[in-house]
Amino acid sequence: MLQVTGLNQYYGAAHTLRGVSLDVQKGKVLTLLGRNGVGKTTLLKCLMGVLPTAGGEILLEGRNINKLKPYQRAALGIAYVPQGREIFARLTVEENLLMGMAVKSGRQASIIKGEVYELFPVLKEMLHRRGGDLSGGQQQQLAIARALLAEPKLIILDEPTEGIQPSIIKDIGRVIRLLRERGDIGILLCEQYFGFARDLADTFIVMSRGEVVAAGTQDQMDGAHIKRHLAV
């Protein structure tokens, strides 16, 4: 579904991404692991078109999207839940959800599918509350729900457990499993919480200093050579 080959990126003179390659498959979870500052968020922003690349190829279902703007990538089916959630604090929960459907047209852009409330029941109870009044965990659920309402082919989640209480971490894990079981969406999960990532991963990559230093399947994630690169 998403194939990235030899991706490079620079910030001034700093070589921030060094030949990064990855493959996200439909119905599978690829976890992106690594300590703070190794280039994980930079990579995700490059995939979404927020940051420019300086070489390499990004393919979505075989189509090169290197030169597309973020809104064009969203229209093709990439949804991005950034670190820190970035919901609209002054808008209600319902208005935030409607913003997630901006890539749609006509009446489709104004109908919130009930499935999102099945995944996150708390949101239905808080439709008319402002996003800024929600707890951090509730805001994270809102951010994921907003992204899913675009009906993406690929969803990118950047540190969804950061600063979240354990009960909501479990809820987010449950939703990711349900999405994987549904089989029609690829999931790229960037995560520092090793246990959470290991339980959800089909495959993984580990980054250090802007490059991929390890990759494999879920049953290979517990190796000591991998844990050396992680805060576990």
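Right above here is the structure, for reference.
Residues numbered from 1 in each chain as written. Predicted model: local features only at pLDDT ≥ 70, side-chain atom pairs only at ≥ 80, totals over all residues. Heavy atoms only, no water.

For the rest of this paragraph, the subject is the overall build of the protein. Counting secondary structure elements, the protein contains 9 helices and 10 strands. Judged by the C-alpha coordinates and their principal axes, the protein covers about 45 × 35 × 35 Å. Across the 232 residues of the protein, 49% fall into the buried class. In the protein, the proportion of contacts linking residues at least 24 apart, taken out of those at least 6 apart, comes to 67%. When the accessible surface of the protein is totalled, it reaches about 11100 Å², and 48% of it is carbon and sulfur. Both charge centroids of the protein, one from 29 positive and one from 23 negative side chains, sit 4 Å from each other. (Helix = DSSP H or I, 4+ residues; strand = E, 2+ residues; numbered from the N terminus. Buried < 20%, exposed > 50% of the residue type's maximum accessible area, 1.4 Å probe, protein only. Contact = heavy atoms within 4.5 Å. Areas by Shrake-Rupley, 256 points an atom, 1.4 Å probe, with all protein chains shown as cover. Lys, Arg positive; Asp, Glu negative; His and termini not counted. Charge placed at Lys NZ, Arg CZ, Asp CG, Glu CD.)

A few words now on the pairing of strand 9 (residues 203–208). Counting buried positions over the 6 residues of strand 9 gives 5, a clear majority of the element. Note: strand 3 (residues 29–33) against strand 9, 4 bridges, orientation parallel. Among the inter-strand pairings, L32 is bridged to a residue of strand 9, identified as I205. Bridging between strand 9 and strand 10 (residues 211–217) involves 6 bridges; their strand directions are antiparallel. (Pairing = 2+ DSSP bridges.)

A few words now on the environment of L127. Within the secondary structure, L127 is located in the loop between helix 5 (121–125) and helix 6 (136–148). Once the C-alpha coordinates of L127 and L97 are considered, the two residues, 30 residues apart in sequence, prove to be 9.1 Å apart. Excluding anything up to four places from it in sequence, L127 contacts T92, V93, E94, L97 and Y117.

Where side chains of opposite charge bring their charged atoms close, a pairing between them can arise. For the structure shown, the criterion picks out 9 salt bridges. Across the pair D184 and R182 runs a salt bridge, and its minimum N-O distance is 2.9 Å. Connected through shared salt-bridge partners, E115, R182 and D184 make up one network. (Salt bridge = Lys/Arg side-chain N within 4 Å of Asp/Glu carboxyl O.)

What follows concerns the sheet that holds strand 9. With mixed pairing, the 6 strands of this open sheet are ordered in space as 6-7-8-3-9-10. This sheet does not close on itself; its edge strands, each paired only once, are strand 6 (78–81) and strand 10. Between one strand and the next, the sheet's axes are offset by a mean angle of 15°, whatever the strand orientation. Across 4 bridges, the pairing between strand 6 and strand 7 (residues 154–158) is parallel. Note on strand 7: the bridge partner recorded for A79 is I155. Across the sheet, helix 1 (residues 40–48) lies against strand 3, strand 6, strand 7, strand 8 (186–190) and strand 9, angled at about 145° from strand 6, the strand it touches most. Relative to strand 8, helix 7 (residues 166–182) is tilted by about 150°, and along the sheet it contacts strand 3, strand 7 and strand 8. (Axes fitted to C-alpha atoms, helices over the stretch in contact; angles between N-to-C directions.)

By themselves, these figures tell us nothing about what the structure is for.
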